[in-house]
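Observations on the model geometry
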Amino acid sequence: EPEVTQTPSHQVTQMGQEVILRCVPISNHLYFYWYRQILGQKVEFLVSFYNNEISEKSEIFDDQFSVERPDGSNFTLKIRSTKLEDSAMYFCASRNPGPAGVQYFGPGTRLTVT
Amino acid sequence: GIQVEQSPPDLILQEGANSTLRCNFSDSVNNLQWFHQNPWGQLINLFYIPSGTKQNGRLSATTVATERYSLLYISSSQTTDSGVYFCAVDNSGTYKYIFGTGTRLKVLA
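Residues numbered from 1 in each chain as written. Chains lettered and ligands numbered in written order. Predicted model: local features only at pLDDT ≥ 70, side-chain atom pairs only at ≥ 80, totals over all residues. Heavy atoms only, no water.

Right, let's get into the interface of chain A and chain B. Where the parts come together, the accessible area they lose is often given as the size of the interface. At the interface, 18 residues of chain A touch 18 residues of chain B. Here chain A packs against chain B, burying approximately 1,600 Å² in sum over the two surfaces, 57% of which is carbon and sulfur. For the interface between chain A and chain B, the tally reads one salt bridge. In this structure, Glu56(A) and Lys96(B) form a salt bridge, with 3.5 Å as the shortest nitrogen-oxygen distance. At the junction of chain A with chain B, the criterion picks out seven residue pairs in polar contact (both at pLDDT 80 or more). The class makeup of the residues in the side of chain A that touches chain B is eleven nonpolar, four polar and three charged. (Contact = heavy atoms within 4.5 Å. Buried area = accessible area lost by both parts, 1.4 Å probe. Salt bridge = Lys/Arg side-chain N within 4 Å of Asp/Glu carboxyl O. Polar contact = N/O pair within 3.5 Å; in protein donor to acceptor, adjacent residues only side chain to side chain. Nonpolar A, V, L, I, M, F, W, Y, C, P; charged D, E, K, R; others polar.)

Once that is clear, we can look at the state of the cysteines. Residue and element names in this part refer to chain A. Applying the stated criterion to the full structure yields two disulfides over all chains. Two residues, Cys23 and Cys92, share a disulfide whose sulfurs are 1.9 Å apart. What sets the handedness of the Cys23 and Cys92 disulfide is the S-S torsion sign, and at about -60° it is left-handed. One end of the pair, Cys23, is in strand E3 (residues 19-24); the other, Cys92, is in strand E9 (residues 88-95), with 69 residues separating them in the sequence. (Disulfide = S-S within 2.5 Å. Helix = DSSP H or I, 4+ residues; strand = E, 2+ residues; numbered from the N terminus.)

Right, let's talk about the packing of aromatic side chains for a bit. The tally for this structure, following the rule as stated, stands at 15 aromatic pairs over all chains. Ring plane angle 75° and centroid distance 5.7 Å describe the contact between Tyr35(A) and Phe45(A), whose orientation is recorded as edge-to-face. Highlighted residues: Tyr35(A) in strand E4 (residues 31-37) and Phe45(A) in strand E5 (residues 44-50), separated in sequence by ten residues. The exposure classification of Tyr35(A) matches that of Phe45(A), with both residues buried. Members of the aromatic cluster, each reached through a chain of ring pairs, are Tyr33(A), Tyr35(A), Phe45(A), Phe91(A), Phe105(A), Phe35(B), Phe86(B) and Phe99(B). Above the ring of Tyr31(A), the side-chain terminus of Arg95(A) is found at 4.0 Å from the ring centroid. Over the ring of Tyr95(B) we find Arg95(A); its NZ or CZ atom is 3.5 Å from the centre of that ring. (Phe/Tyr/Trp six-rings, centres within 6.5 Å; stacked < 30°, edge-to-face > 60°. Buried < 20%, exposed > 50% of the residue type's maximum accessible area, 1.4 Å probe, protein only. Lys NZ or Arg CZ within 6 Å of the ring centre and 35° of its normal.)

So, on to the sheet that holds strand E7 (residues 65-68) of chain A. Residue and element names in this part refer to chain A. Taken together, four strands build an open sheet; the order of strands is E1-E3-E8-E7 and the sheet is antiparallel. Edge positions in the sheet fall to strand E1 (5-7) and E7, since each of these pairs with one other strand and no more. Direction aside, neighbouring strands of the sheet carry axes that sit 20° apart on average. Relative to strand E8 (residues 75-79), E7 is paired through four bridges, and the arrangement is antiparallel. Within the sheet, the bridge partner assigned to Ser66 lies in E8 and is Lys78. (Pairing = 2+ DSSP bridges. Axes fitted to C-alpha atoms, helices over the stretch in contact; angles between N-to-C directions.)

The structure is reproduced here in structure tokens:
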């Protein structure tokens, strides 16, 4: 069964550094998402992306965050200058268009900011 | 915005027992999914169920959209069922999911 993949599985970075989290969505999917989950809390929506542009973003997704689909397969989330509170699990998701479009989640990248 | 509440927050079962997890939401929804977050943190899709009933092996789910709740049934539970169960809803039609706070399930051998 096709699946969403994410790299790296765990990233440790120092405060103020830039990080790029990478995702490979399911190949025929057209809609892409990033969510995050701070340890012990619920999963929160960050941003949705379609047709090479952001469709919707949450209040969390401020100017420090950006997303890009640099080629036909990858979908990236960049955090420009990481803060301690950015430490979380980041999930990428993708779905097919249509009324029964199940959203499939990747395994997540655990980001630790020290 | 829409509120999503799950109950119970915690559940401990003996292997072989059955359970019902509930998800209440405060507004009508366009999309709803149930997920299992395993001990490694992965979110596994269980059901896409904005309405009606579905079954997959020992798991089944029912959403009564008009009454704004969804139920996840786990029968003959196994230790591998342990983890956190989330429901996620979208009421905008854009698949921006709002997750509930989850039910943490522990199944004892």
